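Chain and residue survey
Take a look at the letters that make up each chain.
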Amino acid sequence: MSVDWPRLGELMLAHLRLSLWALLLGAAISLPLGVAAARRPALERAALAVASVIQTIPGLALLAIMVPALAALGAFGLELPSIGALPAVLGLTLYSLLPMLRNTVVGIAEVDESVKRAALGVGMTPGQRLRRVELPLAAPVIVAGLRTATVWTVGMATLATPVGASSLGDLIF
């Protein structure tokens, strides 16, 4: 059996593209939401509960749900493609949320209270304290969540083929 190298390269790039878009969108949602949730316990409980429920849906089912969900938006005048890369990226984005969100909340919450008070004592505003103290100290935990989300997303991207997106899953299916 010979390998079609150009096709393999094309599928690898498509797989990478799907994964990167999903991770970028997931990070754009999870990181600000995680910072806000770390400061508001009610938001933390709600956000983590929603992300946890999404995570319990099997990967293929989550991707498959995106097809009728996007098609249903047509009834509201929003015509989006319900087959192809869009439902795959949206499903993968939802799947990537939990580890990044949870680790952002934990990372921010674990910053030592005395360090926060010291930042306040030197006159930092809340925004400065977040950018200059809390996020740098929480970064290892946040990056660990990003790493976990990356592994999950790259693995699940192989299941994007049934919703019409090209990926390495084409070789399997």
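The coordinates are above.
Described below are features of the structure shown in this document. (Residues numbered from 1 in each chain as written. Predicted model: local features only at pLDDT ≥ 70, side-chain atom pairs only at ≥ 80, totals over all residues. Heavy atoms only, no water.)

1. Regarding the side chain of Glu134
Its place among the elements puts Glu134 in helix 6 (residues 126-156). Residue classification places Glu134 among the buried residues on the basis of a relative accessible area of 1%. Beyond its immediate stretch of four places on either side in the chain, Glu134 contacts Arg39, Ile108, Val111, Lys116 and Arg129. (Helix = DSSP H or I, 4+ residues; strand = E, 2+ residues; numbered from the N terminus. Buried < 20%, exposed > 50% of the residue type's maximum accessible area, 1.4 Å probe, protein only. Contact = heavy atoms within 4.5 Å.)

2. Some words on the packing of helix 3 (residues 59-72) against helix 4 (residues 85-109)
Their axes nearest at 8 Å, the elements helix 3 and helix 4 cross at an angle of 125°. Between helix 3 and helix 4, the angle is such that the two are oblique. Seen along the crossing, helix 3 lies across helix 4 with a hand that is right-handed. Only Leu86, Pro87, Ala88, Leu90, Gly91, Leu92, Leu94 and Tyr95 of helix 4 make contact with helix 3, whose side of the interface consists of Leu62, Leu63, Met66, Val67 and Leu70. (Axes fitted to C-alpha atoms, helices over the stretch in contact; angles between N-to-C directions. Parallel < 35°, antiparallel > 145°, perpendicular 65-115°, else oblique. Left-handed = near helix turned anticlockwise from the far one by under 90°.)

3. Some details on the environment of Thr93
The topology assignment puts Thr93 in helix 4. Residue class for Thr93 comes out buried when judged on its relative accessible area of 6%. Taking C-alpha positions, Thr93 is 9.5 Å from Leu18, a pair spaced 75 residues apart along the chain. Contact partners of Thr93, with chain neighbours within four places excluded, come to Trp21, Ala22, Leu25, Gly26 and Ile29.

Distances and angles like these do not, on their own, reveal function.
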